[in-house]
Each structure stands twice: as C-alpha cells, then as structure tokens.
Amino acid sequence: MKIKTGLLVILGLLFIGCGKQAPVPGVTDTEILIGNIQDLSGPMKELGAVLPAGSRLYFRYINEKGGVHGRQIKMLVEDHQYNPQKAVVAAKKLIEKDQVFCLFQVIGTSTCEAIRPLLAESGTPLIAPATQSGTMSDLSRPAGDLIFHTDTGYDKQTNILVDYILKQDANAKIGLIYQDDDYGQNVLKGAAEAEDRTGVSIQKEAFQRGATDFTGQVGNLIKGGANHVIIAGVVKEPIIVMKTAEKMGYSPQFYGTSPTMDHRVALAAGPAGEGFIAANFAHLWNSDAPAAVQYRELCEKYEVPEAYMGMYHFYGFITAKVLVEGLERAGKNPTRKRLVKGLETLNKWDSGAFPPITYSSKDHAGTESVILVQVKDGVQTVITDWVD
Amino acid sequence: MTDLINGLLQESISGIALGCIYALIALGFTLIYKATEVVNFAQGELMMVGAYVNFFFVTTFVSSAGEPTLWIFIIALVGSIIFALAFGWILDLIINRPLKDAPIFSVIMATISLSIILRAIVAMIAGPMSLLPVSPFGNDVIHIGSVVISILDLFIIGSAVILVLMFYYFFHKTRWGIATQATSEDPIAAQLMGIPVNRVRGLVWVFSALVATIAGILLAPRLSLLDTSMGFLGLKAFPAAVLGGFGSIGGAIVGGIILGVIETISIGTLSFHFQWIKEINDIIVWIVLIAVLMVKPDGLFGVEKVKKV
C-alpha cells in the first residue's frame, strides 16, 4: 500500500513536472520584466530620460487596462553612456542578473552592435533598437533573427531622398555631408546604391563627430556646384551647415536624414533653415495620426510635463506600442521564441505612427518608407505621404 | 588656382576664429600651469559653465525686458564676468588650497572629477535638452574681396588677441605677474622672498575662470546650440597648448590658430584638390603635432627647463 501511494505521488509529481515548463526569464503570473539600455550620462543623454518616459506612458495605459494577458509590464533602464563596452556590461546585468524577458529600445548603433553576441548566446530578443542604421535588420549578423527594427534605415532614407531630388530636378547635382562614423557609413552605403541605380554621382563631404566648423565642406560643395545637399548629421550640424551656407551666399535645397528632423533645427537656423526638408520614419507627434492623437490624450490624462512632450517622447511611446503588440501575439504563456514568432506574424500592421509594419522570418526591417517634412515659415510641415 | 587660394583664405579665416576659441581654452590651461605646474582638465567645463551662466542672465533679462537689446548683452556679460571671478575664487578654495601640498596626480585627478561634477550639475539645473543661445551678433557678415567674414568671428579673434596681450603684459611687466612666474619655478624660494604664494595661485584660478567664461560666451552662438558636451572641446584645445609650448601665453594662441586652420583647410579646400588628404583628414592634426614635437620637444614657444644639479 505504502509503495503504491509512493509510486502515485512520484507519478503525480512527474505529471506536474511535465505540465509546468521551465520558468521563462522575466515572466511571472503577474508581471513581464523587460530591459532597456539608454544613454543617461553620455553625449546622447538628452534622449536617455525622454525615450523610456514615453514608453512608460504607454505601459501605464496598458497596465491600467489590466496589462498584457493579465501581466503588468515592468521596465528596467540601465545606462551605457553611448559606450559599447558599457552597453555589454549593462546587457549582461539585465539578461543574467535581472533575468529580463527581452531587451527593448537600446539606443545607438555601435552599442546595439556590441551586444549582438550576448543576445545570440542567451536567445534574448531586442525589440525596436533606437537607431536608424540599416544594419540592425541585417539577418546575416549575429542575433539577426532576434532583433526587430522599427525605423527605416539610413541607407534606405538616403535612397529615398536621392529619388525625391531627381524627381524634382532631373539634372540635379547632389551633395552629401555625412558624419564620419557608423552612421555615416550606413548613409554612404545608401548613397552608393542610389548612384548605381540612377547613374548620378554624389559629391561626398565628411565631418568628424563633434565638428563645430563647416566652412570647408560648404566651400567644397560650392566649388562642386551641388544644388541639392543632403545633411546626414544630428541637430547641430544642419544648423551650422545652413548658417554657413547663408553666410557664404550659397543657397541649395537642403535635405536631412531622420536625426535632423528636430524642431530646434528650424528654431536655431532661423531664415537660413527655411525650406529645409527632413525625412522621418514616423508621423509627427503633433499630427492627426491615430497614435499621435492617443499620445496627446494620454499625456493630458497622466499630466506629462510639457518639457517631455515632443518627437523623442513620442518615439518612446510608439515603439512601446510595437513591443506590446508583440507581447500580445506571444500568447498567454509567452516565451522568447513565441515573442519572435508573434512579431513575425505582423503583416502591414498599422501602429498609427510608423508606416505599416511587416515582419517575417526573412525580414526584420519592418518598414521601408519615410514622410518628408519641410520647414515652412519656420514651422515643420509634412509635405508627402509615405514615400519609398 | 584662384579657386584654391580663395578657398584657403576663406577657410583660414574660419580656422583662425575656431583656433582662437582653442587658444582661449589653452590660455586657461597655461595660466594655471604657469603658477602651479598643474593641468586643469576641467578647463573646458569652466567654459561650458560660463556659457550657461551667460545664457541664464540673457534669458532672464530678456524675459523681463521683452526685447534683446545690446544693453542686455552688456549687462549679462558683466554679470557673467562677476560670476566667473567668484567661481574661480571658490574653485581656489575647494581645489587649489586644500591640495597645495598634495602630489600632482591628486590635483589632476581632482580637476578631472571637477569636470565630471560640473557637467552633471549643469545638466541637473538646466535640464538635459540643449538650449538655443541668443547672440547680439546675429548672422551679419562683411565681405573682403571674395572672402566672407562673420562679425561673430571677428569678435572672437579680437577678444582672443586682446586677452592674450593683456595676460602677456601681466606676466612680463607687473609685479604680480613676475611673482606668479617665481611661484611656478620655485614655490619655496618664492615664499621666502615674501611672495604670497597662496594668493598668487588663487589669482590664476580666478583668471582662468574668467578666460573660460569669455570663451564660452563667444563659442555658444557659433555652435548654435548650447549643451553640456561643449566642455569636451577642452580636449581639443589641449594639443593646441602642447603645440604652442605648454606654459607659453603666445604659444597658446599660435598653437590654437595653427590647429584651427589645419582642421578647416584640410577638410575643405585641400581635400577638394588633393584626394589623399581626404583620406588622412582625421589624423592630420596629430601628424603635425608629432612632427613639431620631434623638432621642438617643448613646443613652438616652450622654454626648455634646465635644472642645475
């Protein structure tokens, strides 16, 4: 009898053991823990506090509605100071010590590239890395199958801008000012593709990150005769380039990649920045796009300070929407594999801000188009629908 | 050919203005080094703090007066200068005096810590977003032949020259200046000669905070945006100080201008006409620096120090 009971107990335990899977990192019955690595004290710290705050706004909304499949979303943020080595340390901490379910919104190209081996080794997905480098969706790189990109890449953006320029002016002479780092390399890749495809030749002028003087580059573009100039900088560079051009009596049509899509460009450049066209990979936060309307409503409801509101905060908000959609699709018992599979079912999914997103096991780029935004009378005005 | 010369002239003017900013930071390095033989790695951050303080004064006055007038800029400048003097004095109290007998590494480490702390404090007070500085110079330019010069650049060059001349005069012609040099060479002997060594050292901290503040006020409108990373420019001014000869006031300005001009013309006209320069743009400054140091290890205007045994 005793043996029989014992056997039954053992059998029962075995059944329970079979039914209950090994615990999934970061997932409990009530909570999903995700990790985020930002630059909180380095050169990009302007965004470090604002991006996660935007995401938290959306998580708060979802959590108050009952969470994802009954689980509350909790996010931990680490600091990498825009330093790849520190990014690796932070990712290691989040994955191994904090046991997060997935990483989200890690900012910077070089930093995301640096944590690829860790992602691959632990099988941790990275959703919506906050960089527009096209390398993010390169499936041939380590952990390519685990990274889901939401932003249209710089290479693609450059292609779109060149096409747009040639459509306006078939005889355009195109110039390009680019930052001499991984960002610029991705832009150059796009420029080379565009040159091969269209047969135009682009005059390329480099600058070092942190450059404060562009007299040389602008002078060279004048000599080269460029009448359409693409600036692949961040905020300071387009301002200084356009002001220098104005000073030197040079007035081509200026364009910029998505990091230049910042309202301060128009503010600081003043008359020199009038007409500047920037590419953006999402609708503007103050537009009528559904996600933007929802965003402003939630900002009001939760009394978000005005200083936070704007494109970066909104970006945090809309990338959180993509993550939440992925978590929904990962099902009631989410695993990292199910998250990947879930995201790969997105088919022309409309986030209300990004272009329609489509992922598959062969494509993790998600989007391929941008809108163009022009400064008119000092105000950013959307001048196109999605162009690709 | 005229293309080449015009380009070089145009870029040289911009390069000189940029170089004068380097020179003002280098001058700050030099002042402190001259009196204490310590390198103040927070010099760039002192400049950043000065720019922020001036921004604060200008925006406060503009918001109460409504319009940015020339008077507002002048009052803000005076306010910033008074702040710089007080700030330099405080730094003397918290860094210089307590560490006066400490090994040189401790002092250098203290200045590095100071730079990090200043960046953090400014970011805490002013917020992480960069600010839009208002300047009295606008975007006005003057034309000389085919060369365009902005009024702001002329102001930068003028201010740098005036400050360098003033300090040159101070160090070589005034009692306090000579006392400073004596303090640098042999503090104990200087003290025995009746020189108030502590006060002399305090004075150079005040001076270098002043120079840094003026550099910050002039640089901010040139950058168009004001953020705490401005202090990193101090690291670019360091080679300028070495090139000119560390501790030499004339050397600081010559070193600054040489580096500023090389930077702009190499990435500009020279890259346009000579493809190979384009390839070595980011190292050209360092090549020049090493070449100069090979010939003159103490820099262009440095004085070789000989110690008699």
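Residues numbered from 1 in each chain as written. Chains lettered and ligands numbered in written order. Predicted model: local features only at pLDDT ≥ 70, side-chain atom pairs only at ≥ 80, totals over all residues.

So, on to helix α4 (residues 84-97) of chain A. Residue and element names in this part refer to chain A. The end-to-end C-alpha separation of α4 is 19 Å, in line with the 20 Å expected for 14 residues at 1.5 Å each. Regarding α4, the residues found buried are Ala 87, Ala 90, Ala 91, Leu 94 and Ile 95. The arc enclosing the buried residues of α4, seen along the axis, measures out at 125 degrees, which places them on a common side. Opposite the buried face of α4, by more than 90 degrees, sit the exposed residues Gln 85 and Lys 97. Looking one or two places after α4, you find Gln 99, whose phi comes out positive at around 55 degrees. (Helix = DSSP H or I, 4+ residues; strand = E, 2+ residues; numbered from the N terminus. Expected span 1.5 Å × (residues − 1). Buried ≥ 20, exposed ≤ 12 C-beta atoms within 10 Å, placed from the backbone. Arc of directions from axis to C-beta.)

Our next topic: the interface of chain B and chain A. Each partner contributes residues to the interface: chain B has 31 residues there, and chain A has 30 residues. Taken together, the elements giving at least two residues each to the side of chain B that touches chain A come down to α1 (2-36), β2 (147-150), α8 (197-223) and α10 (249-273) of chain B. Among the elements that make up the side of chain B that touches chain A, the one with the highest residue count is α10(B) (seven residues). (Contact = placed C-beta atoms within 7 Å.)

Residues and elements named next belong to chain A. On domain assignment, one finds that chain A holds domain 1 (31-151 + 286-366) and domain 2 (154-280). Between the C-alpha centres of domain 1 and domain 2 there is a distance of 29 Å. At the junction of the two partners, domain 1 supplies seven residues and domain 2 supplies nine residues. Taken together, the residues that form the side of domain 1 that touches domain 2 break down as one nonpolar, six polar and no charged. (Domains from an automatic or database assignment. Nonpolar A, V, L, I, M, F, W, Y, C, P; charged D, E, K, R; others polar.)

Looking now at the environment of B:Ile74. Mapped onto the fold, B:Ile74 is located in helix α3 (residues 70-96). Separated by 33 residues in sequence, B:Ile74 and B:Val107 place their C-alpha atoms 35 Å apart.

Looking now at the nonpolar core. Residues B:Ala23, B:Leu24, B:Ile25 and B:Leu27 are the most contacted members of the largest nonpolar core, which totals 208 residues. At 17 residues, the largest contribution of residues to this core is made by α1(B). Each of domain 1 (31-151 + 286-366) and domain 2 (154-280) of chain A gives at least three residues to this core. (Core = buried A, V, L, I, M, F, W, Y, C linked by C-beta atoms within 7 Å.)

Right, let's get into unusual backbone geometry. Positive phi is not limited to glycine here, since A:His69 has a value of about 50 degrees. Its location among the elements puts A:His69 in the loop between α3 (50-64) and β2 (72-79). Taking the C-beta count within 10 Å as the criterion, A:His69 has 13 such neighbours and is therefore assigned partly exposed. Phi is positive for B:Ser224, which is not a glycine, with a value near 70 degrees. Take B:Ser224: it is sitting in the loop between α8 and α9 (233-244).

Now for the packing of helix α2 (residues 43-65) of chain B against α9(B). Working note: a packed helix pair is described by the angle between its axes plus the distance between those axes. Residues and elements named next belong to chain B. Between α2 and α9, the least distance of the axes is 7 Å, while the angle of their chain directions is 130 degrees. Overall, the two elements α2 and α9 adopt an arrangement that is oblique. In the crossing of α2 with α9, the sense of the turn from one axis to the other is right-handed. Touching Gln 43, Gly 44, Glu 45 and Met 47 of α2 are Leu 233, Gly 234 and Leu 235, all from α9. (Axes fitted to C-alpha atoms, helices over the stretch in contact; angles between N-to-C directions. Parallel < 35°, antiparallel > 145°, perpendicular 65-115°, else oblique. Left-handed = near helix turned anticlockwise from the far one by under 90°.)

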